[in-house]
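Each chain is listed here by its residues.
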Amino acid sequence: MTGPVLVAVDGSAPAAAAVEWAAADAQLRGLALRLVHVCERRPPGQDGLEPCEETLDVARDRALALTRDVEVEAALLTGDVVEALLAESVTADSVVLGSRGLGGFAGMLLGSVGMGVAGHAPGPVVIVRETSVVRHGRVVVGDDGSEQAAAAVAYAIEQARARSVTLHVVCAWQSPVYSPYAAAYDTLAQEGYEYLTQAAAERAAAWRESAPDVRITDAQVHGHPVHALIEAGRAADLVVVGSRGRGGFASALLGSVGHAVLHRLTCPVAVVRPRPGGE
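Please read all numbers here as calculations on a predicted model, not as lab measurements.

## Re the side chain of Q159
Position of Q159 among the secondary structure elements: in helix α5 (residues 147-163). Q159 sits in the buried class, given a relative accessible area of 0%. Engagement of the side chain of Q159 in a polar contact is seen with the side chain of R163, the distance being 2.9 Å. Among residues more than four places away in sequence, those in contact with Q159 are W21, D25, R29 and L238.

Listed below in structure tokens is the structure:
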């Protein structure tokens, strides 16, 4: 996808952090940057679009100050926030959102707006909570062997390459709960874990072969995927997951797993959905 990095702005502190992250991302990956402010329709007698225009101008000035030779464009839209962002996302490389915002963005990630964008936008949606001055030199991605995870890894490889950092692939598997009287299941569970571990290691080896310019490490963890991602993400500049998967990552970031990761990680989190037709 060669579209711009799309960032939603609304004048809030998280949105300002999202602008900074998106500007750096566009600079690193040689992409254009598109800033969008969705001004919800106001009842008669209230202020018009002037406050919205001012919000957008401030964000654009900040983006221009942070970039060099990056095409920066800004668009003021009206209407429903989720619908507008989803429409814009179709031609964007990725969408960057602050974790919370003002007006239409209030409750982002914990309410319907954030979930609607992260769950339905094609391609990556990056959630930025705050500006970080700490750099760990590592991107972390969750893998469960699904199509969604493969798209997440592809995006994570691109991010690691652009940043010249290590990519760490985490595959976590949690044993199902069996009856304590069914001892034979212990052997089956161990065999299943060994099979999944081998398959995950083979996928990581294939990614190393296809991206020799990126240092890729991998870990297969017997435990809850939320804990595995949180532990790995504590020392990450970006954590990437598929929007849905199987096994431990099923419904990641759209259900309880995603809420746990987003509540306990302060670094940016990217939710990646495969594009229609594999674009």
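The rest of the description comes next.
## As for the pairing of strand β7 (residues 166-173)
Along any regular strand, the residues point their side chains to alternate faces of the sheet. Most of β7 is tucked away, with eight of its eight residues classed as buried. Side chains of β7 alternate between two faces, with T166, H168, V170 and A172 and L167, V169, C171 and W173 buried alike. Across five bridges, strand β6 (residues 138-142) lies against β7 in parallel orientation. Bridge assignment links V139 to a residue of β7, and that residue is L167. Regarding topology, α5 serves as the crossover connection from β6 to the parallel β7, and that connection is right-handed. Strand direction decides the pairing type here: β7 and strand β8 (residues 216-222), joined by seven bridges, are parallel. Among the inter-strand pairings, A172 is bridged to a residue of β8, identified as V221.

Thresholds, definitions, all that
- Residues numbered from 1 in each chain as written.
- Predicted model: local features only at pLDDT ≥ 70, side-chain atom pairs only at ≥ 80, totals over all residues.
- Heavy atoms only, no water.
- Helix = DSSP H or I, 4+ residues; strand = E, 2+ residues; numbered from the N terminus.
- Buried < 20%, exposed > 50% of the residue type's maximum accessible area, 1.4 Å probe, protein only.
- Polar contact = N/O pair within 3.5 Å; in protein donor to acceptor, adjacent residues only side chain to side chain.
- Contact = heavy atoms within 4.5 Å.
- Pairing = 2+ DSSP bridges.
- Right-handed = clockwise from strand over helix to strand, strands pointing away.

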